[in-house]
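Structure at a glance
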Amino acid sequence: MSYYLLLSALLFAIGLFGVLSRRTAILIFMSIELMLNAANLAFVAFARGSGQLDGQVMALVVIALAAAEVAVGLGIIVAVFRARSSTSVDDLAELRG
Amino acid sequence: MSAFDLIAGVLLVASALAAVTLKNAVHAGLALVGNFLVLATVYFALEAQFLGWIQIIVYAGAVMVLFLFVIMLLFDAKADVGLDPLPWLRPVGAALAAGFFLVLAYAYSGLGPVHPLADIKLAGGLPAAIGERLYGPWLFVVLLIAVLLFAATLAAVVLVQPGVRGARKKPQVLERERELEEVGR
Amino acid sequence: MLLLLIVLLPLLGFVFLGLFGKRLREPAPGVLASVLVGLSFLLVVTSLLGGGASWEIADWLPGIPFSFVLDPLSGYMGLVVTGIGFLIHVYAIGYMHGDAGFSRFFAYLNFFIAMMMTLVLAGSYPVMFIGWEGVGLASFLLIGFWYTERKNADSARKAFITNRIGDLGFLLGMALLYSLFGTLSIGELREAIETSAVLPLALGTAGLLLFVGAVGKSAQVPLMVWLPDAMAGPTPVSALIHAATMVTAGVYLIARSSFLYANLQDVSYAIAVIGLVTAAYGALSALGQWDIKKIVAYSTISQLGYMFLAVGVGAYWIAMFHVMTHAFYKALLFMASGSVIHALGGEQDVRKMGGLKKHLPRTHLHGLLGALSLAGFPLLAGFWSKDAIITATLSYPFGGTGFYVAGLAVAFLTAVYAMRWYALVFLGEYKGDAHPHEAPPVMTLPNDVLAVGAVLAGFLALPEPLWNLIEPFLAPALAHVEVHHLALALEWGLIALSALVALAGLYLGYLAFTRGPLPAWYRAFQTWSSEAFYVDRVYNVLIVGPLKELALVLALFDGFLDTLFTAAAGSSAWLGERLVRLQSGYVRAYGALMVLGLVAVLVWGVLR
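Residues numbered from 1 in each chain as written. Chains lettered and ligands numbered in written order. Predicted model: local features only at pLDDT ≥ 70, side-chain atom pairs only at ≥ 80, totals over all residues.

Some thoughts on the overall build of chain A
The condition that has to hold: The secondary structure listing takes helices from DSSP runs of H or I that are at least 4 residues long and strands from runs of E that are at least 2 residues long, numbered from the N terminus. Field definition: a residue is buried when 20 or more other C-beta atoms are found within 10 Å of its C-beta, exposed when 12 or fewer are, and partly exposed for counts in between, with C-beta atoms placed from the backbone. For the purpose of contact definition, each residue receives a C-beta atom placed from its backbone, and two residues are in contact when these atoms lie within 7 Å.
From N to C terminus, chain A includes 3 helices and 0 strands. Shown N-terminal to C-terminal, the secondary structure of chain A runs as helices and strands in the order α-α-α. Counting every position in chain A, which comprises 97 residues, the buried fraction comes to 59%. Of the contacts formed within chain A by residues at least 6 apart in sequence, a portion of 48% connects residues at least 24 apart.

Some thoughts on the overall build of chain B
The helix and strand tally for chain B stands at 7 helices and 0 strands. Secondary structure elements of chain B, listed N to C terminal, follow the sequence α-α-α-α-α-α-α. Considering only contacts within chain B whose residues lie at least 6 apart along the sequence, 58% involve residues at least 24 apart.

Quick word on the pairing of strand β1 (residues 53-61) of chain C
Residue and element names in this part refer to chain C. Quick note on the threshold: Whether two strands pair depends on DSSP finding at least two bridges between them.
Bridge count between β1 and strand β2 (residues 64-70): 6 bridges; the pairing is antiparallel. Of the residues in β2, the one forming a bridge with Ile57 is Phe66. Linking two consecutive strands that pair antiparallel, namely β1 and β2, is a turn of 2 residues; a positive phi of about 85 degrees is found at Gly63 within it.

Thoughts on the environment of Val15(C)
By the element assignment, Val15(C) lies in helix α1 (residues 2-20). Note: C-alpha distance between Val15(C) and Tyr108(C) (93 residues apart in sequence) is 9.4 Å.

Remarks on the nonpolar core
Cut-off, in case you're wondering: Here, a nonpolar core means buried Ala, Val, Leu, Ile, Met, Phe, Trp, Tyr and Cys residues linked by C-beta atoms lying within 7 Å of one another.
With 199 residues, the main nonpolar core has Phe112(C), Ala310(C), Ala319(C), Ala331(C), Leu332(C) and Ala454(C) as its most contacted residues. Contact partners of Ala319(C), with chain neighbours within four places excluded, come to Val251(C), Ala255(C), Met307(C), Ala310(C) and Val311(C). Formed by 83 residues, the second largest nonpolar core is a distinct cluster that contains Leu16(A), Met30(A), Ala38(A) and Phe43(A).

A short note on helix α2 (residues 28-49) of chain C
Residues and elements named next belong to chain C. Here is the rule we go by: The span expected for a helix works out to 1.5 Å for each residue beyond the first.
Along its 22 residues, α2 runs 31 Å from first to last C-alpha, staying within 8% of the 32 Å computed at 1.5 Å per residue. Within α2, the full set of buried residues consists of Pro29, Gly30, Leu32, Ala33, Ser34, Leu36, Val37, Ser40, Phe41, Leu43, Val44 and Ser47. Backbone geometry just downstream of α2 places Gly51 in the positive-phi region, at approximately 90 degrees.

A look at the interface of chain A and chain B
So the rule is basically this: Gly is put with the polar residues, along with every residue not named as nonpolar or charged; the nonpolar set is Ala, Val, Leu, Ile, Met, Phe, Trp, Tyr, Cys and Pro, and the charged set is Asp, Glu, Lys and Arg.
Contacts between the two partners involve 61 residues from chain A and, on the opposite side, 74 residues from chain B. Among the elements of the structure, α1 (2-21), α2 (25-50) and α3 (54-84) of chain A are those that each provide at least two residues to the side of chain A that touches chain B. For the side of chain A that touches chain B, the leading source of residues is α3(A), giving 24 residues. Split by residue class, the side of chain A that touches chain B holds 42 nonpolar, 12 polar and 7 charged.

Remarks on unusual backbone geometry
Residues and elements named next belong to chain C. For the bond from Val221 to Pro222, the omega torsion is 5 degrees, close enough to zero to count as cis. You can see Pro222 is positioned in the loop between α8 (203-217) and α9 (226-229). For Ala219, which is not a glycine, the phi torsion comes out positive at approximately 55 degrees. With respect to the secondary-structure elements, Ala219 resides in the loop between α8 and α9. Here Leu379, not a glycine, exhibits a phi torsion of approximately 80 degrees, which is positive. Looking at the secondary structure, you find Leu379 in the loop between α17 (361-375) and α18 (381-394).

Some remarks on the packing of helix α10 (residues 235-244) of chain C against helix α14 (residues 292-312) of chain C
Residue and element names in this part refer to chain C. Inclusion rule: Interaxial angle, 0 to 180 degrees, is taken between N-to-C directions of lines fitted to C-alpha atoms, where a helix line uses only the stretch in contact. Working definition: roughly parallel below 35 degrees, roughly antiparallel above 145 degrees, roughly perpendicular at 65 to 115 degrees, and oblique for all remaining angles.
The N-to-C vectors of α10 and α14 enclose an angle of 10 degrees; their axes lie 11 Å apart at closest approach. Taken together, the axes of α10 and α14 are roughly parallel relative to one another. When α10 is examined against α14, the residues Thr235, Ser238, His242 and Ala243 are found in contact with a partner set consisting of Lys293, Ala297 and Thr300. Looking at the contact of α10 with α14 residue by residue, the class counts come to 2 nonpolar, 4 polar and 1 charged.

Details of the environment of Ile113(C)
Residues and elements named next belong to chain C. Within the secondary structure layout, Ile113 lies in helix α4 (residues 102-121). With 28 residues separating them in the primary sequence, Ile113 and Gly85 have C-alpha atoms 7.3 Å apart. Every residue in contact with Ile113, bar those within four places of it in the chain, is listed here: Pro10, Val37, Ser40, Val81, Thr82 and Gly85.

Re helix α25 (residues 587-607) of chain C
Rule in force here: Arc, as used here, means the arc of the directions from the helix axis to the C-beta atoms.
The terminal C-alpha atoms of α25(C), which comprises 21 residues, lie 30 Å apart, in line with the 30 Å expected from a rise of 1.5 Å per residue. The set of residues buried in α25(C) consists of Arg588(C), Ala589(C), Ala592(C), Val595(C) and Val599(C). All buried residues of α25(C) lie within an arc of 115 degrees about the axis, which places them on one face of the element. Exposed positions of α25(C) whose direction lies more than 90 degrees from the buried face are Leu593(C), Gly597(C), Ala600(C), Val601(C), Trp604(C) and Gly605(C). For α25(C), the elements touching its buried residues are α1 of chain A together with α4 (89-108) of chain B.

As for the packing of α4(C) against helix α5 (residues 125-143) of chain C
All names here are of chain C. As a reminder, the rule being used: Should the near helix be turned anticlockwise from the far one by less than a right angle, the crossing is termed left-handed; should it be turned clockwise, right-handed.
Two elements in contact, α4 and α5, have axes whose closest approach is 7 Å; the angle formed by their N-to-C orientations is 155 degrees. In terms of orientation, α4 lies roughly antiparallel with respect to α5. For the crossing formed where α4 meets α5, the hand is left-handed. Together, Tyr108, Phe111, Phe112, Met115, Met116, Thr118 and Leu119 of α4 and Val127, Met128, Ile130, Gly131, Trp132, Gly134, Val135, Ala138, Leu141 and Leu142 of α5 make up the contact between the two elements. Grouping the constituent residues of the contact of α4 with α5 by class yields 14 nonpolar, 3 polar and no charged.

Remarks on the confidence of the model for chain B
What counts here: Across the chain, each position has a pLDDT score giving the predictor's confidence in that residue, from 0 to 100.
With 85% of its residues at a pLDDT of 70 or more, chain B shows a mean pLDDT of 84. Confidence estimates for the predicted assembly give a pTM of 0.69 and an ipTM of 0.89.

As for the confidence of the model for chain A
Overall, the prediction assigns chain A a mean pLDDT of 87, with 92% of residues at 70 or greater. Between the elements of chain A, mean pLDDT differs from a low of 88, seen in α3(A), to a high of 92, seen in α1(A).

Put into structure tokens, the structure is as follows:
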């Protein structure tokens, strides 16, 4: 189990790196999905390790949540694109000090 | 650690790295699909069969498809190119991610040993078992998810309405358009 | 209660004229100010006739009451201050006619009278100090009245700073007295000193310190340098403050503290010596001045020296007598000078005057009487009081003869320069180009009153066996000093001698300054005298220059401190500027920061 836990941590870290280094909204979103899946892996590994099904149930909830989130998030991305004709996150820099 | 674990691990990491580094968005999306599929096999190995199928159907089959649809819609395939205003973010991000991993690894190292396979009552993660949990103690959560999905659907539909939620143009832009109209007349 | 009004009325005048004076048209401010001072005068008279008065707030400061006391001495001085003050107020209505600061002038004059009366009526030293400082401030304001001229502002500052040196002495003296006796009320101190058998050793120091204060305020050597420059103020100011009243405050202080000085032989000797030196210095410098007011100013320094000579030898009532006669004839001289200046449209150089006897008959009469009184012409006021002083020095046990001879010599010089003043201004032919016109009645009438005083005031206190009204009147308030009365014949013989000396001086002066060119030795002396023997330059080199250098060095330190503080403040601005860059607007950067925070929190959580 700890192998899968470490694997999930690694995947999460890779996803984190992706969120920080990608410049397009869509690709950032994909990295976020990666992070969610890494968390799911951790849940399932723990479920396996402790012999209880609750971990898997939680992972199921997360998948449903992710689906909803993707729907809304992509809608937002499309709307922003329509307003600015650009998906680069760096263009959304008006809250500067 | 069996051979399967090893191969699955390598594939997962490789596809994840591909997903976060490839310049072409479609290629990155496909890499991510591959990642999800391997993840599904891992779920099967970890006695979460229902979850594995759901992973394939929902995540790889619906969510990623949605992603690819939007990429195509916005002609965003070659989007991650051009001048990077924050070049320091790549190395710093890598360092932060590495740091994060190390902390988590350290946390995990303090965990106790795993139950031997014989004691596990996962029942393979089959729908029947999951269903008992879902409609038992987790019923409230199921209801909430239903509401959530409904709300998400509504939101998505509303967000992409062209006329109802039109983009507000900047006053300078409106001004300019008015001027151009005058000139055109 | 009436006693308070004496101080409060002019003070109210000051406040009222200060706030609303601009709205009043001439001559209303002047009339109001004069009326208030006149009322103060009447109140002093009333209180004196009522046998004196006192008013007190006990325990104003720990152990020190705030008290006003009208006893013979303060009443006498109060009469001089308010009486002559009233006349000068009236005169100023005419003199300051047309000036843009008319109401401000009278506000300041009233303030001066209020502070002077505080000084005079004070029943405890701190109250006197309040008045002391107040008149110093009034003097500063009035000397620099026409402040747009740099010279006037500088003179005012010089006066104030020189006074300040004296004030330090006064403060230290007060502190010493308080530590010795635990009280600063004059009445209590008097009792304590007169009734105690053994006096503390430090008493001499206290007396000396108080005298230092008097040296500053009354322009004695070495702090006399401010008085000639104070002539930059309008003439009524010179008449009131720098002749009749403020400069005599030092004499008043010593007289008030006579119970102290009567026991301090050494300090009194020092006072007498300094008084004599000052008298000589003033007389010698007056002989060479070319400014009509500066001649009179140095004369004031000289006469003040006489007053201190008197208190030094223990003749306190004689000093006060001289204060009064001097107030009359010196104010008269100043105001006559003012009339002359006014007549000539502002000319003050004596070399451009002369022959004004024909053009300004009334003023000429005033000037003549004032000069004669100053010189000690027999039977005039100045004669009696000056003679009383130098006669008193004869019976002084420590070198009285020396003081007598020196005093007589200076009296001779006084007559010479008085005649010089008169001759250069009024005799001969007019050398200027203005059109002299006589002053208006509002200016000549007060001078008439002063002239009467300058002539007759001396008759209040005549030598034995004639009447003496002043000595017994002041006696209760002054220390009792054993007086050697000289044999009658000797006394009147000496009086005749003084008269001869004065007449000789006047005659010599007449000869010298109305005839042709003066001998070379005199002209050399005159150059020295006109620069007042270069005392100012010596002070500049020895004291003022080094102090200015010190100030520059300290200013460097100050600048350094400023830089330090600006840097400290600037550092927070610098920090802010650096931190602002975090607000770049880039979401990814914010995300990176969030992850950084997350990792930090995790580390902390995991390590706990």
